[in-house]
Amino acid sequence: MKLLAKFSIIFVVVFGLGLSAAGYFSYSLLQSHAREMVEDRAKIMMETALAMRRYTIEQVKPAIGKPVFSKSDMTQETFHPETVPAYAATEMFNYLHEKFPDYFYKEAALNPTNPRDRAVDWEEDIINNFRNQPKLDMFAGERMTPTGKSLYLARPLRAGASCLECHSTPAAAPAEMIERYGTANGFGWKEDEVIAAQIVSVPASLPVEMANREFRQLMTLLLSVGAVTLVFLNVVLVVLVIRPVSQLAHSAEEISEGRMDIPELPCRGKCEISMLVAAFNRMHRSLLAAMKMLDKQ
Ligand code: HEC
């Protein structure tokens, strides 16, 4: 096999091994970055929902929600759904959802006050999961949606004593709330029972697709660098080694076949090949001199 072919094969094998290792590590790195990015987004959404709930409880309710008394107290009742944390967080995320349809927030309940909050099958499973495992305070998973894979984070919502004012019986709830929501749903919650789950969903496929595209671009770039390097090294090998060595081999063949009168090989530089050419020329000259001496005798 020719030297150039040998060299090219060795280069392709070594470069291929390096490329596979680089590909393996960069693929897992890009994928794990994409996953981290998706998880971070979901966590930030969850924290935003909690912040919105807190803002409603600490600032909105004291500012606009006058004390709500039950019917039996015969006092003026004023009920604003805007003071309900679940309402505030859901409404805020509905505005966000208009701009980013793949991002989704829900306070899914098994027996909701507002029918839009009713848990669908997979959300029901999450709530039941929280009911069966009281110590579980966060749950993450992936699911397929019509727009692609999405990651969801869920937290349990427990009914505290203060919640039962509106969620125990219709009689205890503010009349204006009953007028608005009716008496059929959202009641009968028990203290400390997991009644709902806060669920945020963020798209998982887009960052993964981006990571895959980046990976393809990186591999194409590395392959191009490899191909250009191979061509460049081949040219250098031909000019510096293969061409002078072939000339040397050709001359050696001519001399071995008795054609002594061939011109000397050009010799430039001080590299190993030049030293070899110079030595060959010296040997050629000595051989010529020896032959001449032999001819004279
Ligand atoms: C002043 C009455 C009131 C109090 C107190 C109250 N809620 Fe609600 N809650 C409501 C109303 C009204 C809704 C429906 C809001 C809407 O239209 O989205 C609601 C909705 C919810 C939802 C969404 C599911 C559903 O039922 O539609 C959750 C979860 C929830 N409340 C949990 C709680 C918890 C936990 C507490 C106690 C920390 C609490 N609520 C206290 C009135 C109240």
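Residues numbered from 1 in each chain as written. Predicted model: local features only at pLDDT ≥ 70, side-chain atom pairs only at ≥ 80, totals over all residues. Heavy atoms only, no water.

So, on to the nonpolar core. By size, the foremost hydrophobic cluster in this structure holds 16 residues, and its most contacted members are Ala42, Met45, Tyr105, Leu151, Val200 and Val202. Considering every element that reaches this core, the biggest residue donor is helix H1 (residues 3–64), with 6 residues. Setting aside residues up to four positions removed in sequence, Ala42 forms contacts with Leu151, Leu153, Val200 and Val202. Core analysis: the second largest hydrophobic core is formed by 11 residues, Ala108, Ala119, Trp122 and Phe130 among them. (Core = buried A, V, L, I, M, F, W, Y, C linked by side-chain atoms within 4.5 Å. Buried < 20%, exposed > 50% of the residue type's maximum accessible area, 1.4 Å probe, protein only. Helix = DSSP H or I, 4+ residues; strand = E, 2+ residues; numbered from the N terminus. Contact = heavy atoms within 4.5 Å.)

This part covers the pairing of strand E3 (residues 148–158). Counting buried positions along E3 yields 8 of 11 residues, so the element is predominantly enclosed. Bridging between strand E2 (residues 139–145) and E3 involves 7 bridges; their strand directions are antiparallel. Pairing of Thr145 across the sheet is with Gly148, part of E3. Counted along the chain from E2 to the antiparallel partner E3, the turn is 2 residues long. (Pairing = 2+ DSSP bridges.)

Let's shift gears to the site of the ligand. Surveying the vicinity of the ligand reveals 21 residues, the closest of which are Asp117, Cys163, Cys166, His167 and Tyr181. One of the side-chain nitrogen or oxygen atoms of Arg116 is found 3.3 Å away from an oxygen atom of the ligand. Elements with a minimum of two residues in the shell around the ligand: helix H2 (85–99), strand E1 (104–109), E3, helix H4 (164–167) and helix H5 (175–181). Partitioned by chemical class, the residues of the shell around the ligand number 13 nonpolar, 4 polar and 4 charged. (Near = heavy atom within 4 Å. Polar contact = N/O pair within 3.5 Å; in protein donor to acceptor, adjacent residues only side chain to side chain. Nonpolar A, V, L, I, M, F, W, Y, C, P; charged D, E, K, R; others polar.)

Another aspect to go through is the packing of aromatic side chains. Ring pairs (aromatic) are described by centroid distance and by the angle formed between their planes. Summed over the entire model, instances satisfying the criterion amount to 8 aromatic pairs. Aromatic pair Trp122 and Tyr152: ring centres 5.2 Å apart, planes at 50 degrees, arrangement tilted. One end of the pair, Trp122, is in helix H3 (residues 121–132); the other, Tyr152, is in strand E3, and 30 residues separate them in sequence. Of the two residues, Trp122 and Tyr152, neither departs from the other in class, the shared state being buried. Cluster of aromatic residues (ring-pair linked, three or more members): Trp122, Phe130, Phe139 and Tyr152. (Phe/Tyr/Trp six-rings, centres within 6.5 Å; stacked < 30°, edge-to-face > 60°.)

It is worth spelling out unusual backbone geometry at this point. Positive phi outside glycine occurs at Asp192, with the angle close to 70 degrees. With respect to the secondary-structure elements, Asp192 resides in the loop between H5 and strand E4 (194–203).

Here the focus is the coordination of the iron atom of the ligand. Here the protein supplies the iron atom of the ligand with just one donor, His167 (NE2), and that contact is 2.2 Å long. With respect to the secondary-structure elements, His167 resides in helix H4. (Donors = N, O, S within 2.8 Å, 3.2 Å for Na, K, Ca; no water.)

All right, on to the pattern of salt bridges then. Overall, the coordinates contain 9 salt bridges when judged by the stated rule. Two residues, Glu142 and Lys149, come together in a salt bridge whose shortest N-O distance is 3.5 Å. For Glu142, a relative accessible area of 46% gives the class partly exposed. Residue classification places Lys149 among the partly exposed residues on the basis of a relative accessible area of 34%. Note that Glu254 and Arg259 form a salt bridge whose closest N and O atoms lie 3.2 Å from each other. The class of Glu254 is buried, set by a relative accessible area of 18%. Taken together, the shared-partner salt bridges in this structure form one network comprising Glu254, Glu257 and Arg259. (Salt bridge = Lys/Arg side-chain N within 4 Å of Asp/Glu carboxyl O.)

The geometry of H1 relative to helix H6 (residues 205–256) is characterised by a closest axis approach of 9 Å and an angle of 160 degrees between their N-to-C directions. Classed by the angle they form, the pair H1 and H6 counts as roughly antiparallel. Handedness of the H1/H6 crossing: right-handed. (Axes fitted to C-alpha atoms, helices over the stretch in contact; angles between N-to-C directions. Parallel < 35°, antiparallel > 145°, perpendicular 65-115°, else oblique. Left-handed = near helix turned anticlockwise from the far one by under 90°.)

The predicted model of the protein chain averages 90 in pLDDT, with 96% of residues at 70 or higher. Considering each helix and strand of the protein chain separately, the mean pLDDT is smallest for helix H7 (residues 272–296), with a value of 89, and largest for E1, with 96. (pLDDT = per-residue confidence, 0-100.)

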